[in-house]
Amino acid sequence: MSEPSDAEDDIPFNRDFPLRPGVAEEVVPGVRRVLCDNPGLFTFTGTVSYIVGRGKVAIIDPGPDSEAHAQALLDAVRGETVTHVFVTHTHRDHSPNAARIKAATGAPVYAEGPHRASRPRFESEKHNPESGVDRDFHPDVRLRDGDVIEGESWRLVSVATPGHTANHMAFAWPERGINFVGDHVMGWSTSIVAPPDGSMVDYMASLEKLSRRDEQLYFSGHGPEIPDGPRFARHLVRHRRAREASILHRLAKGEADIPTLVRAIYIGLDPRLSAAAGYSVLAHLEDLVARGMVLTDGDPVIGGRYRLA
């Protein structure tokens, strides 16, 4: 799930992704991808599910609650056996179809865990309108950072990458130099980080962690593959630091609320994205308040007013 963008010329985005929904494409040997027909402001052309291996295979991110997409995945593996289902995180465009695939194949579902927030909700905080959360998801096998899961022709290592959600997990295939990075890193747009479900501190730490790993080829939850993944992750780190600097620059002119900051930072923003942009700004402010650089009265919440310390 992406965040609204301001001027992001510093990030080499690639929005060329002609894959058609329901068509299984072998993008590299041993990795097929199938696009779900759920395009949108935050999903680009739709959710991308991955089929790993041949014969006895794993499916990564079966997608939203879609019978048609589940059938497309099952058609793609006809004559093969699905032995594992992996889920990167519990947003409703990624995890709900796991139940359908499990019912059809008997394959157990692997993930970090059920949905949880990155921090407790403040008493003064209204419910986050980021309603795309799958609270019904419960994996059969809960994974920890560094767990190794082996199939017949593949071997995946779980890489905890909290930030976009608290339970976000990437799945690396070290021998092939591949990392399935979910929504943490996407080639078409930056990811949304919306407190309390998301955390900017965690998100930045996870970007740094991915950039230190050896896998070069990233496959994301939306959009095309990223051929130089660690370098791209470092671009994202620099972009977020620039966003933080923009917030501090605006606050140097005086106290402001989040809508004021959004107008100052996101020039020419599509009005439909203003609420999501506000939550991204809040994620930065939460971090800046914790570091003692910005002050607010009470907890850092979406309706608060902020000033330099």
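Structural notes, computed from the coordinates. (Residues numbered from 1 in each chain as written. Predicted model: local features only at pLDDT ≥ 70, side-chain atom pairs only at ≥ 80, totals over all residues. Heavy atoms only, no water.)

1. Side note on the overall build of the protein chain
Regarding its fold elements, the protein chain presents six helices and 15 strands. Taken against the 2.2 N^0.38 rule, which gives 19 Å for 309 residues, the C-alpha radius of gyration of the protein chain at 19 Å falls within 12% of a compact globule. In terms of principal-axis extent, the alpha carbons of the protein chain reach across some 65 × 40 × 35 Å. Among the 309 residues that make up the protein chain, the fraction classed as buried is 58%. Nonlocal contacts in the protein chain, meaning residues at least 24 apart in sequence, comprise 66% of its contacts between residues at least 6 apart. For the protein chain, the exposed area adds up to about 12600 Å²; of that, 51% sits on carbon and sulfur atoms. Here the protein chain contributes 35 positively and 43 negatively charged side chains, and the mean placements of these two sets differ by 2 Å. (Helix = DSSP H or I, 4+ residues; strand = E, 2+ residues; numbered from the N terminus. Rg over C-alpha atoms; globule rule 2.2 N^0.38 Å. Buried < 20%, exposed > 50% of the residue type's maximum accessible area, 1.4 Å probe, protein only. Contact = heavy atoms within 4.5 Å. Areas by Shrake-Rupley, 256 points an atom, 1.4 Å probe, with all protein chains shown as cover. Lys, Arg positive; Asp, Glu negative; His and termini not counted. Charge placed at Lys NZ, Arg CZ, Asp CG, Glu CD.)

2. Considerations on the pattern of salt bridges
All chains considered together, the criterion is met by 20 salt bridges. A single network of salt bridges, built from pairs that share partners, joins Glu255, Asp297, Arg305 and Arg307. (Salt bridge = Lys/Arg side-chain N within 4 Å of Asp/Glu carboxyl O.)

3. Describing the nonpolar core
Counting residues in each nonpolar core, the largest one holds 27 residues, and the members touching the most others are Phe86 and Phe180. Non-local contacts of Phe86, meaning those with residues more than four positions away in its chain, are made with Ala58, Ile59, Ile60, Asp61, Pro62, Tyr110, Leu143, Ile149, Trp154, Leu156 and Phe171. (Core = buried A, V, L, I, M, F, W, Y, C linked by side-chain atoms within 4.5 Å.)

4. Some words on the pairing of strand β12 (residues 217-220)
What you see with β12 is no split at all: Leu217 and Phe219 on one side and Tyr218 and Ser220 on the other are buried throughout. Across four bridges, strand β11 (residues 178-182) lies against β12 in parallel orientation. By the bridge assignment, Gly182 is partnered in β12 with Ser220. Since β11 and β12 lie parallel, the crossover through helix α3 (residues 200-212) that links them has a hand, and here it is right-handed. (Pairing = 2+ DSSP bridges. Right-handed = clockwise from strand over helix to strand, strands pointing away.)

5. With respect to the packing of aromatic side chains
On inspection of all chains with the given rule, the structure shows eight aromatic pairs. With a centroid separation of 4.6 Å and 10 degrees between ring planes, the pair formed by Phe44 and Trp188 is classed as stacked. Of this pair, Phe44 sits in the loop between β2 (31-35) and β3 (48-52) while Trp188 sits in the loop between β11 and α3, placing them 144 residues apart in sequence. What makes Phe44 buried here is its relative accessible area of 17%. Its relative accessible area of 8% is what places Trp188 among the buried residues. Consider the rings of Phe86 and Trp154, whose centres lie 5.9 Å apart with planes at 80 degrees: the pair is edge-to-face. Note that Phe86 is positioned in strand β5 (residues 81-86) and Trp154 in the loop between β8 (148-150) and β9 (155-160), a separation of 68 residues in sequence. (Phe/Tyr/Trp six-rings, centres within 6.5 Å; stacked < 30°, edge-to-face > 60°.)

6. Here we look at the sheet that holds strand β13 (residues 256-257)
Strand order in the open sheet formed by three strands is β13-β15-β14, and the pairing between neighbours is antiparallel. Of all strands in the sheet, those with a lone pairing partner are β13 and β14 (294-296), marking the two edges. In terms of strand pairing, β14 meets strand β15 (residues 305-308) through three bridges, oriented antiparallel. The residue of β15 that forms the bridge with Thr296 is Tyr306.

7. Comments concerning the packing of helix α4 (residues 229-251) against helix α5 (residues 258-265)
Between α4 and α5, whose axes approach to 10 Å, the crossing angle comes to 115 degrees. The way α4 lies across α5 gives a crossing that is right-handed. Side by side, α4 and α5 meet where Arg243, Ser246, Ile247, Arg250 and Leu251 of the first sit next to Thr260, Leu261, Ala264 and Ile265 of the second. (Axes fitted to C-alpha atoms, helices over the stretch in contact; angles between N-to-C directions. Left-handed = near helix turned anticlockwise from the far one by under 90°.)

8. A word on the side chain of Ser206
Relative to the helices and strands, Ser206 is located in helix α3. Other than its neighbours up to four places away in sequence, Ser206 contacts Ala160, Thr161, Pro162 and His184.

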